[in-house]
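# Structure assessment
Listed below are the residues making up each chain.
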Amino acid sequence: MNNGLLKDKVALVLGIANERSIGSAIAQAFAREGARVIAAVQTPELVDRVKKSHPFLEALWSCDVSISDQIEALASNLALTVGKVNIVVHSLAFAQRESLKMPLHEISAEVLLEALNISAVSFPVLTGELLRQGVLSEGCVLETLTYAGGERYVPGYAPMGICKAALNASVWTMANELGPLIGARVYGIAAGPISTMSARAVPNFPALLKMFPSLCALRQELKPEHVANVTVMLASYLSEGMTGNIIDADMGLSTRLVSDSSQAAEAKSSE
Ligand SMILES: NC(=O)c1ccc[n+]([C@@H]2O[C@H](COP(=O)([O-])OP(=O)(O)OC[C@H]3O[C@@H](n4cnc5c(N)ncnc54)[C@H](O)[C@@H]3O)[C@@H](O)[C@H]2O)c1
């Protein structure tokens, strides 16, 4: 349903690899709500593919966020061709696949720092560059995709856990630094499990995905569109009274400590 919630807004979305990406659902939801949507993808090879599958995108550039020259080039392209951007969505992460199978203390500093740089540091660095080049509008909204593994231990999420913890801290910090400066609102959206390329690299992800509907409060599968609609709400005037929040978009999973079945099993064994 189009409610025109983002009419006259310009949105920049980073992190579309294919149509399953959460970033893809976000770009579509923003366009549905009347925003002009621009995207930046990781590699030049992805540009044509993503353009074809997302014909509504007004512009599409490549930007590998681990390369500072490319962040600078993205900001200057935006400054030259688009002017001001009202909404920025950072929906990207990376960790070497093998490191997800290792205990944290066995992962090398190089591998951890690469994950941290791409998955967390890139959010404030990109924001800083957009600000310096005059691209961020007064009252802009900055959103990033995070996960409960940044607040609590999740098996198989070791290197990403510290990345998401740092990312969450960047949300709180930038909300309090950029709020007074340009009235920016900053949010993290902690999504539940969705079958995407990155998520499938996490060990035990298929099992978690299968169990999810029986574990969460709303007893249903989480779709990228559910998460995308939360990003629309946060980008719209509806969220003007809040900033610096990490919002759980997870069908209520994070509101509970144990599943009904494990509680029932425990009760049975103690009878
Ligand atoms: N899918 C889930 O279950 C889930 C749950 C919670 C949070 N998230 C988060 O959502 C975000 C999007 O992930 P997704 O699930 O849509 O997976 P995805 O694989 O579709 O997207 C990840 C994106 O990161 C991009 N990327 C990786 N390295 C990059 C680099 N150096 N420069 C620029 N882009 C780079 C990839 O190109 C890709 O577009 C991530 O932050 C992820 O941690 C996902």
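In case you missed it, the structure is sitting above this.
Read on for a plain summary of the structure.

About the thresholds
- Residues numbered from 1 in each chain as written.
- Predicted model: local features only at pLDDT ≥ 70, side-chain atom pairs only at ≥ 80, totals over all residues.
- Near = placed C-beta within 6 Å.
- Nonpolar A, V, L, I, M, F, W, Y, C, P; charged D, E, K, R; others polar.
- Helix = DSSP H or I, 4+ residues; strand = E, 2+ residues; numbered from the N terminus.
- Buried ≥ 20, exposed ≤ 12 C-beta atoms within 10 Å, placed from the backbone.
- Pairing = 2+ DSSP bridges.
- Expected span 1.5 Å × (residues − 1).
- Contact = placed C-beta atoms within 7 Å.
- Right-handed = clockwise from strand over helix to strand, strands pointing away.
- Axes fitted to C-alpha atoms, helices over the stretch in contact; angles between N-to-C directions.
- Parallel < 35°, antiparallel > 145°, perpendicular 65-115°, else oblique.
- Left-handed = near helix turned anticlockwise from the far one by under 90°.
- Core = buried A, V, L, I, M, F, W, Y, C linked by C-beta atoms within 7 Å.

### Thoughts on the site of the ligand
As a structural note, the neighbourhood of the ligand is formed by 25 residues, with A17, S21, L92, L145 and T196 the closest of them. Counted by class, the shell around the ligand contains 15 nonpolar, eight polar and two charged residues.

### Overview of the environment of V121
Among the structural elements, V121 can be located in helix α4 (residues 109-132). Exposure remark for V121: the 18 C-beta atoms within 10 Å place this residue in the partly exposed category. Sequence separation between V121 and S53 is 68 residues, and the spatial gap between their C-alpha atoms is 29 Å.

### Here we look at the pairing of strand β6 (residues 185-191)
Extensive coverage of β6 is indicated by the burial of seven of its seven residues. Sheet analysis places strand β5 (residues 136-146) next to β6, joined by six bridges and oriented parallel. In the sheet register, T146 faces β6, and the bridge partner there is A190. With five bridges connecting them, β6 and strand β7 (residues 245-249) associate as parallel partners. Across the sheet, residue I189 finds its bridge partner in β7, namely I247.

### Some words on helix α7 (residues 224-235)
Here α7 spans 16 Å end to end across 12 residues, near enough to the 16 Å set by a 1.5 Å rise per residue. Along α7, the positions that sit buried rather than exposed are P224, V227, A228, V230, T231, V232, L234 and A235. Packing partners of the buried residues in α7 comprise α1 (22-32), β4 (85-90), β5, β6 and β7.

### Comments concerning the pairing of β4
In the case of a regular strand, side chains alternate between the two sheet surfaces. Counting buried positions along β4 yields five of six residues, so the element is predominantly enclosed. Pairing analysis gives four bridges linking strand β1 (residues 10-14) to β4, with the strands arranged parallel. Among the inter-strand pairings, L12 is bridged to a residue of β4, identified as V88. Viewed along the sheet, the connection from β4 through α4 into β5 turns out right-handed.

### Looking at the packing of α4 against helix α5 (residues 158-182)
Following both chains from N to C, one finds α4 and α5 inclined at 15 degrees, their axes separated by 9 Å at the closest point. Judged by the angle between their axes, α4 and α5 are roughly parallel. Crossing of α4 against α5: the hand is right-handed. Note on element contacts: α5 touches α4 through P159, M160, I162, C163, A166, L167, S170 and M174, opposite V111, L112, A115, L116, S119, A120, F123, P124 and T127. Taken together, the residues of the contact of α4 with α5 sort by class into 14 nonpolar, three polar and no charged.

### Structural notes on the nonpolar core
By size, the foremost hydrophobic cluster in this structure holds 78 residues, and its most contacted members are A11, V13 and V85. For this core, the leading source of residues is α5, giving eight residues. Filtering out sequence-adjacent residues up to four positions away, A11 remains in contact with L6, F30, A35, V37, I38, N86, I87 and V89.

### Let's talk about unusual backbone geometry
Despite not being glycine, D8 has its phi angle at roughly 70 degrees, a positive value. By the secondary structure assignment, D8 is in the segment before β1. Judged by C-beta crowding, with 9 C-beta atoms within 10 Å, D8 ranks as exposed. Unusually for a residue other than glycine, N204 sits at a positive phi of about 70 degrees.

### Overview of the sheet that holds β5
With parallel pairing, the seven strands of this open sheet are ordered in space as β3-β2-β1-β4-β5-β6-β7. With partners counted over all chains shown, the strands left at the sheet margins are β3 (59-62) and β7, one partner each. Averaged over all adjacent pairs, the angle separating strand axes in this sheet is 20 degrees, with direction ignored. Sheet analysis places β1 next to strand β2 (residues 36-41), joined by five bridges and oriented parallel. Following the sheet pairing, L14 is matched in β2 by A40.

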